[in-house]
Amino acid sequence: MDSLLGSRDLWLFALIVAAGLGSYLWRGLGVWLSGRVTLDSPVLRWVTCVSYAMLAALVARMLMMPEGPLAAAPLLDRVIGCAIGLGALFLLKRNTLAAVLIGAGTLALLSVLRAQGWL
Amino acid sequence: MTYHLPPPASTSSLVAWRAGLISGLGAPGLALIASFIGFGALARELGLSLPQSMLSTVTIWAVPGQMALAEMQALEADFFAIVVAVTLINARFLPMTLPLFAYLGSHRGGIARKASLYGLGQFVALTFWTGSMRVMPLLPMAQRMPWLYGFGLSCIGVSIVATGVGYAAASALPVALKLALVFLNPLFFLLVFSADVKGAGNIAAILAGAAIGLAVHPFWPDWSLMAGGVVGDSFAFVIGEKMGARRSKPAEPDSREP
């Protein structure tokens, strides 16, 4: 029972709360500023760009240099999954949900084929 | 019409709240379920506990920030580095919150009015925002706040349950399906970038962010996202402004009054 809440657990809980407060900063600031500033200011455009660029850095890293189970899938399989997903997106008139499921399904299929020794 | 609206003549807040609540269980709920099942599975694989995974859905309430937290803690990154990364990756909430809250009229009022506005701010995230921006112009002023509370609560509620389902599924499913689940979110954002992002500046920001993030990661894992984000972005921002490319402007509310 003494290790019910190890220090790593507490650290993670504190981290999740602190990251939530950091995220709320923008939401609260947005509420406060709404109706006071115009939407087309360079500062706001810069802030939006930071967000996009960081998300892009995160997604690129998760696809190219993943942690966890994705690391076990060969880079080639991950690239094929992305390519099929992208192809499906344009063939299916931009139905993102269906395209994501097709791309992820492709990766699962490749993994099964490899496990069976067919690839 | 994917979203439920209260009858226009209704003055009952409860009716408007319930219409919002039901709206979150339709198509928006489906997208959230897929996304948070993927996050739940990823969180387990990267070593978060079930309560931690579900709590992050409430506090951070946006998959990109939650993925960044799960990834970076697995890399044993510094506490401060993770908080800064999650905070910056969520910076897009600021320009999203502005036009949405302009629909709610004046902030004047007592403590209760302020508390309900700032409380509502916590719900702002992509799916909630897209649906709300679509519905707000269709509702009279008095129905807007209760509708948003209903919609936000069902969006978060559905997502908390989906996080738990994904977490449980991660151990029960065969390896191939688990792989598909953790692949869902990164692939989703890749596709969103490919399909939806407009404007030379934003596209440059994405390419530069990805390139710099990848290049810096092996040497400086704690801060590679920030390097990709801030350096890549500033570079891209200058390009965007220089080219005079007008980004697609965020939609201004067409009517602030009913």
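Reading the values: rules and limits
- Residues numbered from 1 in each chain as written.
- Chains lettered and ligands numbered in written order.
- Predicted model: local features only at pLDDT ≥ 70, side-chain atom pairs only at ≥ 80, totals over all residues.
- Heavy atoms only, no water.
- Helix = DSSP H or I, 4+ residues; strand = E, 2+ residues; numbered from the N terminus.
- Rg over C-alpha atoms; globule rule 2.2 N^0.38 Å.
- pLDDT = per-residue confidence, 0-100.
- Axes fitted to C-alpha atoms, helices over the stretch in contact; angles between N-to-C directions.
- Parallel < 35°, antiparallel > 145°, perpendicular 65-115°, else oblique.
- Contact = heavy atoms within 4.5 Å.
- Nonpolar A, V, L, I, M, F, W, Y, C, P; charged D, E, K, R; others polar.
- Buried area = accessible area lost by both parts, 1.4 Å probe.
- Salt bridge = Lys/Arg side-chain N within 4 Å of Asp/Glu carboxyl O.
- Polar contact = N/O pair within 3.5 Å; in protein donor to acceptor, adjacent residues only side chain to side chain.
- Domains from an automatic or database assignment.
- Core = buried A, V, L, I, M, F, W, Y, C linked by side-chain atoms within 4.5 Å.
- Buried < 20%, exposed > 50% of the residue type's maximum accessible area, 1.4 Å probe, protein only.
- Phe/Tyr/Trp six-rings, centres within 6.5 Å; stacked < 30°, edge-to-face > 60°.

> Residues and numbers for the overall build of chain B, please.
Secondary structure assignment for chain B yields 12 helices and zero strands. In sequence order, chain B lays out its α and β elements as α-α-α-α-α-α-α-α-α-α-α-α. The C-alpha radius of gyration computed for chain B amounts to 20 Å, which stays within 12% of the reference 18 Å derived for 258 residues, consistent with globular compactness. Once the C-alpha set of chain B is aligned to its principal axes, its extents read approximately 60 × 50 × 35 Å.

> Describe in detail the confidence of the model for chain A, supporting the description with residues and values.
Taken over all residues, the pLDDT of chain A has a mean of 87, while the share at 70 or more is 92%. Averaged pLDDT values over the elements of chain A bottom out at 83 in helix α2 (residues 42–64) of chain A and peak at 96 in helix α1 (residues 7–33) of chain A.

> If you had to explain the packing of α2 of chain A against helix α5 (residues 79–89) of chain B to someone new, which residues and values would you point to?
Orientation of α2 of chain A relative to α5 of chain B, taken along the N-to-C sense of each, is 120°, at an axis distance of 8 Å. Judged on the interaxial angle alone, α5 of chain B and α2 of chain A are oblique. Across the interface between the two elements, Val50, Ser51, Met54, Leu55 and Leu58 of chain A from α2 of chain A touch Ala85, Leu88 and Ile89 of chain B from α5 of chain B. Residue composition of the contact of α2 of chain A with α5 of chain B, grouped by class: seven nonpolar, one polar and no charged.

> Can you lay out unusual backbone geometry for me, pointing to particular residues and giving the numbers?
All names here are of chain B. For Trp61, which is not glycine, the phi dihedral falls at a positive 50°. Along the chain, Trp61 falls in the loop between α3 (50–59) and α4 (63–74). Its identity as a non-glycine residue notwithstanding, Glu76 has a phi of 60°, on the positive side. Within the fold, Glu76 resides in the loop between α4 and α5.

> Describe in detail the interface of chain B and chain A, supporting the description with residues and values.
Residue-level contacts link 95 residues of chain B with 76 residues of chain A. Taken together, the two surfaces of chain B and chain A that pack against each other cover about 7800 Å², and 77% of this comes from carbon and sulfur. Scanning the region where chain B abuts chain A turns up one salt bridge. Residue Arg61 of chain A pairs with Glu71 of chain B through a salt bridge whose shortest N-O separation is 3.4 Å. Linking chain B with chain A are 13 residue pairs in polar contact (both at pLDDT 80 or more). At 16 residues, the largest contribution of residues to the side of chain B that touches chain A is made by helix α10 (residues 175–196) of chain B. The residue inventory of the side of chain B that touches chain A, partitioned by class, reads 64 nonpolar, 21 polar and 10 charged.

> Talk me through the domain arrangement of chain A; I want residue IDs and the actual numbers.
Along its sequence, chain A is organised into domain 1 (1–37), domain 2 (39–66) and domain 3 (73–119). The distance between the C-alpha centroids of domain 1 of chain A and domain 3 of chain A comes to 35 Å.

> So what about the nonpolar core? Which residues, and what values?
One finds Leu69 and Trp147 of chain B to be the most contacted residues of the largest nonpolar core, which totals 102 residues. In this structure, Ala53 of chain A together with Ala204, Ala236 and Phe237 of chain B belong to the second largest nonpolar core, which totals six residues.

> I'd love a proper account of the packing of aromatic side chains, names of residues and values included.
Residues and elements named next belong to chain B. If you walk through the whole model with that rule in mind, you get nine aromatic pairs over all chains. Geometrically, the ring pair formed by Tyr3 and Phe151 is edge-to-face, given 6.0 Å between the ring centres and 80° between the ring planes. Taken together, the residues Tyr3 in the segment before α1 (13–23) and Phe151 in helix α9 (residues 141–172) connect sequence positions 148 residues apart. Note on Phe151: relative accessible area 0%, which makes it buried. Between Phe188 and Phe189, the ring centres sit 5.1 Å apart and the planes meet at 75°, which makes this aromatic pair edge-to-face. Given the relative accessible area of 23%, Phe188 is considered partly exposed. Taking the relative accessible area as the measure of exposure, Phe189 reaches 9% and is therefore buried. Counting every residue linked through ring pairs, the aromatic cluster contains Tyr3, Phe123, Phe128, Trp147, Tyr149 and Phe151.

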